[in-house]
Amino acid sequence: MNTLLHFLSTIRWQDIVDITLNSYILFRLYVLFRGTNVFRVLVGMAFLWFFQRIAVSIGLIVTSWAVQGITAVAALIIIVVFRNEIRSVLQAKNLGAILWGFSHKTVSSPIEIVVDSVYELARRRNGALIVFPGKENLEEMVQSGIRWRGLVSKEMIMSIFWHDNPVHDGAAIIQGNQVIEVGVILPLSNRTDLPSHYGTRHRAAAGLSEATDALVIVVSEERGNVLVAKGSHVSVVNRKEELAQILHEHVGVTATQWGYLRKERLGLGIAVVGSILFITGVWFSFTRGLETLTTFEIPIEYMNRDPGMEILDTSVNAVRLHLSGSGALIKSMGPEQVRVRLDLSKAVVGPNTFTITPENVDLPPGVFVKRVEPPVLEVTLDIPIKREVPIQVDWVGKLPEHLILVKAKLDPEKIEVIGGTGQLKDISTIYTQKVPIDHIKKTGAITVNLALHPASLKIAPDSEDKIAVRYVVKERL
Amino acid sequence: MSSISCRICKKLSIFLFVLLCIDFFLSSQALPQNNGNPLSTPVSKKLTLVEAAMCEGIKEYIPQNEAIVFSMTIGKVSCFTSFDPVPEKTFIYHNWFFRDKLSTRIKLSLQPPCWSTFSSIQLREADKGPWRVEVIDQKGNVFDTIRFSITD
């Protein structure tokens, strides 16, 4: 119990948002791509990845490499091969549909096809007689039927009742999604209360419906209307929706439809739970795996420096960060994802001491700072100024014994340097690079470079960085 | 009234006598230096540096082997300075800097009417590198800066 409470106390609100957001993204991918080939391939890839992890964990070296390679290539193949399918899924939907819409599968049931076909026949004034059997067997009541056993389609119904079709005068029996028989002769009704304009089709429909629990649809060739005979009732149905409702009630499809919806909702529910479990699992593997330590040497970035000041010196240029996190996170991160920043907005001229805290370190989520070396650093800031300083040649070596170097003329004799106020305060001479005198035998001239120390000193843009030295030697007396 | 004016005349004559005595004393101290440098005639009353040089040694008030580079092997280097005029007895300093860091500060006295003086340092292995000597007065005014190097 304590372990559970401790675990719950370590979960941050960001973690909840993290899992929820990614679960929703995964669920939306499922909703968008379900039923497509892309989805099936994605599922296959997920299995491949899972298989690869198992191969790694049990030490199957070649298998894990092979599966890893296949997974990597498969990702590319998906994008290339299924680009049209992916595009059609994304293009066909607006942003709202992509983010939160649900596209129910639009499956045209046989009833809808029949309803469409019936009213099309009525519009064309093609007579038709369609029987939907109930629970009772019709074999004893009907005659001369021709076995058909074809799937219901609008084109098929239209062709069955086409004028030139030999079976168009008989009835077609539809059961489920199949046309069972065509050209069926139905028993005629003997009722006398039927309207006088009812023809043979109407009487046949009434005859079967009176004798059985079947429902019969009649399309009147003369009037171009649709009638439904059920039991002893024969009624005109003018609206498609009404006919569909009557048919649904007759064949019990309503319950089937509800069952379908329930099944779809169940599928979505499973997808939701699956997404949450999967993402939670991934989240745990990333964040709560075995704690791993690593060390990075990260350069320090300085920000918010007063533009009037310059960094003259720092005690260190980089710090060693000892980081901890789950193995997966630590393995996947590199030094480029880590930044150490120091705010110099409150720094003053002269040396400033800063302590590097975790707030100064930008890390990927789930990775933590264990230790910083060194934890304290000193940054020396100064206001840059320009100053003219005399130049002196730094002679080295040994002049031949018989010679004396009596004079040297420098051009220029002084140079303008830019550096910090405090820095330049202690500098009264700029020295040249070391000039060897071992080989000097007579008066001459050389050109030398300056040796700026400290290195942060700069020569003013309008000053020469090459110094011409004309020296005079004479014989020792 | 006559006794008061008599006392004032007496004090005035004593003051004039003291002034004459002081003038005679100062002129006699400047002479030996005038003999050494007969061309230097005090035109202004400002202390003026007329010569400054680094050398290997001083012989009879004259710098020997003036140079800007000195070998460690000579063991000693000197800074020779000559002032003319020297209006009054005063002090100057030879500040020896090794790589911009003050190494030694030598106080030297000057006597009117003109005076030459020098300071020296013994050379050690660690002294190799660029040096300079600043010649300054008591108030810190720099007369001259002489730059040189100590090498192998």
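Above: the structure in question.
Residues numbered from 1 in each chain as written. Chains lettered and ligands numbered in written order. Predicted model: local features only at pLDDT ≥ 70, side-chain atom pairs only at ≥ 80, totals over all residues. Heavy atoms only, no water.

Asker: I keep staring at the overall build of chain B and nothing clicks. Help me out?
Answerer: From N to C terminus, chain B includes 1 helix and 10 strands. Split into buried and exposed, the 152 residues of chain B put 38% on the buried side. (Helix = DSSP H or I, 4+ residues; strand = E, 2+ residues; numbered from the N terminus. Buried < 20%, exposed > 50% of the residue type's maximum accessible area, 1.4 Å probe, protein only.)

Asker: Can you walk me through the packing of aromatic side chains in this structure?
Answerer: Think of a pair of aromatic rings as described by two things: how far the centres are apart, and how the planes are tilted against each other in angle. Residues and elements named next belong to chain B. Applying the stated rule across the entire model yields 7 aromatic pairs over all chains. Ring geometry for Phe70 versus Phe148: centroids 5.9 Å apart, planes at 80°, classification edge-to-face. In this pair, Phe70 is assigned in strand E4 (residues 69–71) and Phe148 in strand E10 (residues 142–151), connecting sequence segments 78 residues apart. Phe70 gets classed as buried once you look at its relative accessible area, which sits at 1%. With a centroid separation of 5.0 Å and 35° between ring planes, the pair formed by Phe98 and Trp131 is classed as tilted. Note that Phe98 is positioned in strand E6 (residues 90–98) and Trp131 in strand E9 (residues 129–137), a separation of 33 residues in sequence. Taking the relative accessible area as the measure of exposure, Trp131 reaches 2% and is therefore buried. (Phe/Tyr/Trp six-rings, centres within 6.5 Å; stacked < 30°, edge-to-face > 60°.)

Asker: How do you make sense of the layout of surface pockets when you look at a structure like this?
Answerer: Which parts of space are left empty comes out when a probe the size of a water molecule is rolled across the atoms. Residues and elements named next belong to chain A. Put simply, the largest pocket is a space of about 1300 Å³. Taken together, 34 residues form the lining of the largest pocket, with Ala46, Trp49, Phe50, Phe278 and Val282 sitting closest to its centre. Sorting the residues of the lining of the largest pocket by element identifies helix H2 (13–33), helix H3 (37–57), helix H4 (61–81), helix H5 (83–91), helix H11 (253–287) and helix H12 (327–332) as the ones contributing at least two each. The leading source of residues in the lining of the largest pocket is H3, at 10 residues. (1 Å grid on protein atoms, 1.4 Å probe; cavity = no way out; pocket = protein on both sides within 12 Å on 5 of 7 lines; lining within 4 Å. Points joined across faces, edges and corners; volume = space filled by probe spheres on them.)

Asker: Can you help me understand the pattern of salt bridges in this one?
Answerer: Think of it this way: side chains of opposite charge can pair up when their charged atoms draw near. Here the structure, examined in full by the defined rule, presents 23 salt bridges over all chains. The salt bridge involving Lys434 of chain A is made with Asp394 of chain A; its shortest N-O contact spans 3.2 Å. With Lys434 of chain A in strand E19 (residues 430–436) and Asp394 of chain A in strand E16 (residues 384–396), this residue pair connects regions lying 40 residues apart in the sequence. Linking Arg476 of chain A and Glu56 of chain B is a salt bridge whose minimum nitrogen-to-oxygen distance equals 2.8 Å. Taken together, the residues span two chains, with Arg476 of chain A in the segment after strand E22 (466–475) and Glu56 of chain B in the loop between strand E1 (49–55) and strand E2 (57–59). The exposure class of Glu56 of chain B is buried, given its relative accessible area of 18%. Shared partners join several salt bridges into a network, and the residues in it are Glu120, Arg123 and Arg124 of chain A. (Salt bridge = Lys/Arg side-chain N within 4 Å of Asp/Glu carboxyl O.)

Asker: Sorry if this is basic, but what is going on with a nonpolar patch on the surface here?
Answerer: Residue and element names in this part refer to chain A. A surface patch of nonpolar side chains, amounting to about 590 Å² of accessible area, comprises Trp49, Phe50, Ile54, Ile58, Leu60 and Phe278. A total of 3 residues in the nonpolar patch trace back to one element, the largest contributor, which is H3. Position of Leu60 relative to the elements: it lies in the loop between H3 and H4. Residue Leu60 is classed as partly exposed on the basis of its relative accessible area, which comes to 38%. (Patch = residues over 30% accessible without salt bridge, like charges linked within 9 Å, V, L, I, M, F, W, Y side chains within 5 Å. Areas by Shrake-Rupley, 256 points an atom, 1.4 Å probe, with all protein chains shown as cover.)

Asker: I keep staring at the interface of chain B and chain A and nothing clicks. Help me out?
Answerer: It is common to give the size of an interface as the accessible area that goes away when the parts come together. Taken together, the contact pairs 19 residues of chain B with 22 residues of chain A. Taken together, the two surfaces of chain B and chain A that pack against each other cover about 1600 Å², and 44% of this comes from carbon and sulfur. Three residues stand out in chain B for area buried against chain A, namely Ile68, Asp100 and Arg147 of chain B, and they jointly supply 33% of the buried area on that side. Applying the counting criterion to the chain B and chain A interface returns 2 salt bridges. Put simply, Arg99 of chain B and Asp394 of chain A hold a salt bridge, and the shortest N to O gap is 3.3 Å. The tally of links between chain B and chain A comes to 15 residue pairs in polar contact (both at pLDDT 80 or more). (Contact = heavy atoms within 4.5 Å. Buried area = accessible area lost by both parts, 1.4 Å probe. Polar contact = N/O pair within 3.5 Å; in protein donor to acceptor, adjacent residues only side chain to side chain.)

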